Amino acid sequence: MPIISDRAQHMPASPVRKLVPFALKAKQKGIKVYHLNIGQPDIETPHTAIEAIHDIDLKILEYSLSEGSIEYRTALCEYYHSLGFTDLSTDNFIVTNGGSEALNFAISTLCDDGDEIIIPEPYYANYNGFAGTFNINIVAIPSSIDSGFALPPIEDFEKKITENTRAIIICNPGNPTGYLYTREELQQLADIALKYDITIISDEVYREYVYDGKQQISMLAFPEAAENVIVIDSESKRYSMCGVRIGCMVTRSRPIHDAAIRFAQ
């Protein structure tokens, strides 16, 4: 009988996947199911993307660069330039197997066994799994429905910061709350990152899903914290082609970038 590692035995199952068997049974009975468990956008994948798959003309599906092809990183760079981040170059991007791998790269680059990451709660449930893979402890700070799940008081973060704290993870716009952080809230996070020399990991895969005339503000908008910010993005989420599994990690920090690229080799 094979011995299963302690890590595997204590790895939490994905709660968003636990509902899948129930949904499948309901569908088999002809019941209409609205999936609120898995983050699959309810818009069609752009026809140009489908055509590109059909029209692909490759003789060899070869290895790409560890950081991703230069053509794709150039396209990412142009997209971020359109958001106003004109200082970014192709060297600021690492292309990943979905946003999940980008998160794993970020966490494994910053943390050792027993280190801590602070996350406002409620949060994307799979952050638990990502942290558990590397024996990292999540320290949750509850946000309140009374404030629409706004960022908890910054004093609550400071109370939780210890010598083992390596990062704060936020999701902006929030999954599962939908909350959109304000510039003032993000400035507080930039300030605390500098004060305690920790990193803000900003999961921004839902950047384009903002309504009511509002606009998402990226953690990249705070150049004073350039060395203390990692952004997680997902092209496949943005264009409703999640099955393609294309994400990226974005940072201005050369030490973080160069460390993370070792995990991509």
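Here's a quick rundown of the structure. Here the structure is a predicted model, which is why all the values come from computation and not from measurement.

**Looking at the layout of surface pockets**
Here is step 1 of the chain: Within this model, the largest pocket holds a volume of roughly 1,400 Å³.
Here is step 2 of the chain: Contributing to the lining of the largest pocket are 46 residues, with Ile38, Gly39, Gln40, Tyr206 and Lys237 lying nearest its centre.
Here is step 3 of the chain: Mapped onto the lining of the largest pocket, the elements with two or more residues apiece are α2 (15-18), α3 (20-28), α6 (98-110), α7 (127-133), β6 (229-234) and α10 (235-238).
Here is step 4 of the chain: Residue contributions to the lining of the largest pocket peak at four residues, all from α6.
Here is step 5 of the chain: Its residues placed into classes, the lining of the largest pocket shows 23 nonpolar, 17 polar and six charged.
Here is step 6 of the chain: Estimates place the volume of the second largest pocket at around 980 Å³.
Here is step 7 of the chain: In this structure, the second largest pocket is lined by 29 residues; those nearest its centre are Ser64, Ser69, Tyr72, Val95 and Ile246.
Here is step 8 of the chain: With four residues, the single largest contributor to the lining of the second largest pocket is helix α4 (residues 47-54).
Here is step 9 of the chain: The residue inventory of the lining of the second largest pocket, partitioned by class, reads 19 nonpolar, eight polar and two charged.

**Comments concerning empty space enclosed by the protein**
Here is step 1 of the chain: For the coordinates displayed, the defined rule picks out one cavity of 30 Å³ or more.
Here is step 2 of the chain: The space that makes up the largest cavity amounts to roughly 120 Å³.
Here is step 3 of the chain: Where the lining of the largest cavity is concerned, the elements lending two or more residues are β2 (116-121) and β4 (165-171).
Here is step 4 of the chain: Partitioning the lining of the largest cavity into residue classes produces 12 nonpolar, four polar and one charged.

**Examining the packing of aromatic side chains**
Here is step 1 of the chain: Taken as a whole and judged by the stated rule, the model has eight aromatic pairs.
Here is step 2 of the chain: Summarising the aromatic geometry, the rings of Tyr206 and Tyr209 are spaced 6.1 Å apart at their centres and angled 65° between planes, so their arrangement reads as edge-to-face.
Here is step 3 of the chain: Three or more aromatic residues link up through ring pairs in this structure, and these residues are Tyr123, Tyr124, Tyr127 and Phe130.

**A word on the pattern of salt bridges**
Here is step 1 of the chain: In this structure the tally under the stated criterion is 11 salt bridges.
Here is step 2 of the chain: Linking Arg207 and Asp233 is a salt bridge whose minimum nitrogen-to-oxygen distance equals 3.0 Å. Taken as a pair, Arg207 in the loop between β5 (199-203) and β6 and Asp233 in strand β6 lie far apart in primary sequence, 26 residues in all. The residues Arg207 and Asp233 share a single accessibility class, namely buried.
Here is step 3 of the chain: For the salt bridge of Arg238 with Glu208, the shortest nitrogen-to-oxygen distance reads 3.7 Å. Residue Arg238 is found in helix α10, and its partner Glu208 is found in the loop between β5 and β6; the two are separated by 30 residues along the sequence.
Here is step 4 of the chain: On the basis of relative accessibility, which here comes to 6%, the residue Arg238 falls in the buried class.

Definitions and cut-offs
Residues numbered from 1 in each chain as written. Predicted model: local features only at pLDDT ≥ 70, side-chain atom pairs only at ≥ 80, totals over all residues. Heavy atoms only, no water. 1 Å grid on protein atoms, 1.4 Å probe; cavity = no way out; pocket = protein on both sides within 12 Å on 5 of 7 lines; lining within 4 Å. Points joined across faces, edges and corners; volume = space filled by probe spheres on them. Helix = DSSP H or I, 4+ residues; strand = E, 2+ residues; numbered from the N terminus. Nonpolar A, V, L, I, M, F, W, Y, C, P; charged D, E, K, R; others polar. Phe/Tyr/Trp six-rings, centres within 6.5 Å; stacked < 30°, edge-to-face > 60°. Salt bridge = Lys/Arg side-chain N within 4 Å of Asp/Glu carboxyl O. Buried < 20%, exposed > 50% of the residue type's maximum accessible area, 1.4 Å probe, protein only.

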